[in-house]
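# Understanding the architecture of this molecule
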Amino acid sequence: MKRVQVAVETPQHAGMGDLLDYESEHELAPGSLVLVPLGRRVVPGVVWSVARPGDDEASPHALRPVQEALKSLAPLPEAWRVLVGFAARYYQRSLGELALAVLPPELRKLDDAGVLKRVLKLEKKLGVARAEASPAPKRRRKNAAPVSADAPPAMPAAPLPAPTLPPLTPEQAAVLDALLPTCTGQATPACHLLHGVTGSGKTEVYLRAADAALQVGRQALVLVPEINLTPQLEARFAQRFPGRRMVSLHSGLTPAQRLANWLAAHLGHADLVLGTRLAIFCPLPRLGLIVVDEEHDPSYKQQDGARYSARDLAVYRGKLDGATVVLGSATPSLESWQHAQTGRYQLLTMAERVGHGVLPKVRVIDMGEQPKPPAGHELPPLSPPLLAAVQLRIARGEQSLLFLNRRGFAPVLTCGACGWKSGCPHCSAWRVFHKLDRTLRCHHCGFTERVPKACPDCGNLDIAPLGRGTERLEEQVAAMLQGCERPGGGPARVARIDADTTRLKGTLEQQLAAVHDGDVDVLVGTQMVTKGHDFRRVTLVAAVNPDSALFTADFRAPERLFATLMQAAGRAGRDAEAAERSEMFVQTWSPGHAIFAALAAHDFASFAQSQLREREMAGLPPYAHLALLRCEAREASAAEGFLRAARDLARNLLLPEGAEAEVMFYAPVPPHVARVAGFERRQMLVEAASRATLQRLLAQWTPQLPSLRSGHKGLARWAIDVDPLGI
Ligand code: ADP
Ligand code: ZN
Ligand code: ZN
């Protein structure tokens, strides 16, 4: 009998060790998947280590045997285990929880026969001969399912002709000179920050770098922030690498597709993996290149469970696998920018748009200077200069993109007589008015009701929307453009893209196709439309109301707003011929804000420098390292009591080492929305001068937090967020 240590999914704070011991009749390699008994259940697990001869054989309890080994699946590679182990430690989660959470959900449900069936089906589809003869599954289905669109393409028999490549711009050529030797293994792999303005041709750089890695038999992993951007990128890669196997990995796939694609990557059949943040944990035996596109994007940070940053793990994984890492962005995160300044990352710059297209001219519209509406009326959503600019685009047959980061019709309904507002009974937030189905919906807890016919407090019939979301903007813009003709005749067409219009699978693709085909004159949308899309006919982009982001307590708000505005500006004038007459309008009540001056100058470097100076003076990241302890309770006092007790505990831990001067505990505070779904939320920020100090504290502190719980009965949940993004 052999003793093995297995990572299983135990509740995070269950107080069990990270690994559980089992005994096995057969030799099991570390990384093997197994089914093991846990309590009365049988659960999947990953063999983490194997007891060596000479290890203490005597254990206090008789060990339970491994029930089944999933022998049909090659063990997960050591690099994968090291990555998962690191992430679990760094983000303060249990190893088993993370290891199982990052496997495809479907895989966790299968036994060995089930896995074998999937592997054989995949390899048949791919036309891959199985290396070792494996037993056929007991019963083969007569009619195999048809090849689905998302499945990896079968390897063509003859190599396809290489597509003709565009000549590189001088900047692309210079960047690739630095990059390619590291992708092929001729030079030491490194982490590169590719700072390229929108339209400078970063994707072409990714394609060439991937090609170089593939040429020497290595695999490439390309991460994008949004599922919505994967089909577009997939199409570009598929076109470039017609003879290669490429798979995508994101949460929009069916469980079966996701497993098949993951298997293709793990078994080394896929050369290219395109995916969202979860793909960072995909095992890749021959990894040579990791690209993180739009590396500044907040969606690389997981927002629940193990709150990992796929961008940061990519850098770690690059070192681990000896792979080159390319972090690309027009507006890098200040963390990455700082690393590039100090030389930890190699900075590669592309300052010009392909074809010498200029960046759009930025016009900041002072809303305080606009004509006042008649008494009792609201200011129209588009100021006169912006309206004129939209009308001009329509007359020229060009497109305009209006973005507003708020969906729904209006953020709140209010009664003109008594001042009632559409608050959520369960949250400290307003319920948003959605006109299409006449509902009031809470965007925090989901609580939804029909809009009342009259004010619930005073019975007044005149309840009115206050403020504006995309649904209302679309309606108002359409009204403002009434009578405005397109060049070929017919009224101007206004469309909207946001989370509400794209709920059904396939609708976003249809809507984007309509924009690309020129069937839309004015596109209204949330941030969703500002990311990544290569719209060729857009010559006007406008931020309708970006001000709310200027006045939040979050120290990252300016950085994020700047990135959003720059990215939005990048949607205009992507066609070099139209770039000259492209504009970006920003409507604001604070036209003097430094962010707008930097935007108008398209000057990321000076914006970053001034932000970094402020961060340094305030002792904020990247000059300090943060962790956030969050918790929820029915009563605010219970939540605050827990946080204070946690703080006292940490101080006691620190005293012996005398490190308390390096660590600062802030007072427990409510987050932006303090009450959600009937629970009071509180959070406490911990700040340390160095990452190492913070990690040392967390390693001692977090394991002791579960024991505090018994003293704080009202506590519902707590969690640690290391390197939090939103605070
Ligand atoms: P970015 O990702 O930097 O915003 P893209 O990679 O989307 O820029 O490139 C912008 C446009 O320029 C795309 O349509 C792309 O096909 C085109 N492009 C990129 N590189 C070249 C090149 N060397 N020659 C001609 N066109 C190019
Ligand atoms: Zn009222
Ligand atoms: Zn609510």
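Everything quoted here is computed from the prediction, not taken from an experiment. (Residues numbered from 1 in each chain as written. Chains lettered and ligands numbered in written order. Predicted model: local features only at pLDDT ≥ 70, side-chain atom pairs only at ≥ 80, totals over all residues. Heavy atoms only, no water.)

## Things to note about the sheet that holds strand 8 (residues 246-249)
- Judged by pairing direction, the sheet is parallel, and its 7 strands sit side by side in the order 8-9-7-10-11-6-12 without closing on themselves. At either margin of the open sheet sits one strand with a lone partner, and together these are strand 8 and strand 12 (346-350). Along the sheet, successive strands turn relative to each other by an average axial angle of 20°, direction set aside.
- With 5 bridges joining them, strand 7 (residues 219-223) and strand 10 (residues 287-293) adopt parallel strand pairing. Bridge assignment links valine 222 to a residue of strand 10, and that residue is valine 291.
- Of the strands in this sheet, strand 6 (191-196), strand 11 (324-329) and strand 12 touch helix 9 (residues 334-342), which is tilted by about 110° from strand 6. (Pairing = 2+ DSSP bridges. Helix = DSSP H or I, 4+ residues; strand = E, 2+ residues; numbered from the N terminus. Axes fitted to C-alpha atoms, helices over the stretch in contact; angles between N-to-C directions. Contact = heavy atoms within 4.5 Å.)

## Some words on the site of ligand 1
- Around ligand 1 there are 18 residues in total, and Pro167, Gln172, Gly199, Lys202 and Thr203 lie nearest to it.
- Backbone polar atom of glycine 201 to an oxygen atom of ligand 1: 3.1 Å apart, as the coordinates give it.
- Take the shell around ligand 1: its biggest share by element is 3 residues, from helix 5 (residues 202-215).
- When the residues that make up the shell around ligand 1 are grouped by side-chain class, the tally is 5 nonpolar, 7 polar and 6 charged. (Near = heavy atom within 4 Å. Polar contact = N/O pair within 3.5 Å; in protein donor to acceptor, adjacent residues only side chain to side chain. Nonpolar A, V, L, I, M, F, W, Y, C, P; charged D, E, K, R; others polar.)

## A few points about the coordination of the zinc ion (ligand 3)
- Protein coordination at the zinc ion (ligand 3) comes from Cys424 (SG), Cys427 (SG), Cys442 (SG) and Cys445 (SG), with a distance range of 2.2 to 2.3 Å.
- Metal-centred angles of 105 to 112° between the 4 donor atoms at the zinc ion (ligand 3) mark the site as tetrahedral.
- Along the chain, the residues donating to the zinc ion (ligand 3) are arranged with the sequence spacing C-x2-C-x14-C-x2-C. One end of the pair, cysteine 427, is in the loop between strand 15 (412-415) and strand 16 (432-434); the other, cysteine 445, is in the loop between strand 17 (439-441) and strand 18 (448-450), with 18 residues separating them in the sequence. (Donors = N, O, S within 2.8 Å, 3.2 Å for Na, K, Ca; no water. Tetrahedral: all angles 85-135°; square planar, octahedral: opposite > 155°, others 65-115°.)

## So, the coordination of the zinc ion (ligand 2)
- Ligation of the zinc ion (ligand 2) by protein atoms is provided by Cys415 (SG), Cys418 (SG), Cys455 (SG) and Cys458 (SG), these donors lying 2.2 to 2.3 Å from the ion.
- Between the 4 donor atoms coordinating the zinc ion (ligand 2), the angles at the centre fall across 106 to 114°, so the site counts as tetrahedral.
- Classification of cysteine 455 as buried rests on a relative accessible area of 3%.
- The exposure class assigned to cysteine 458 is partly exposed, which follows from its relative accessible area of 41%. (Buried < 20%, exposed > 50% of the residue type's maximum accessible area, 1.4 Å probe, protein only.)

## Description of unusual backbone geometry
- Residue proline 622 is reached from proline 621 by a cis peptide bond, and omega for that bond is 5°.
- You can see proline 622 is positioned in the loop between helix 16 (604-618) and strand 24 (625-633).
- The backbone phi angle of glutamate 294 is positive, close to 50°, even though this residue is not glycine.
- Assignment of secondary structure puts glutamate 294 in the loop between strand 10 and helix 8 (310-321).
- Residue classification places glutamate 294 among the buried positions, given a relative accessible area of 12%.
- The phi angle at aspartate 723 is positive, at roughly 55°, despite the residue not being glycine.
- Here aspartate 723 is to be found in the segment after strand 28 (715-722).
- What makes aspartate 723 buried here is its relative accessible area of 18%.

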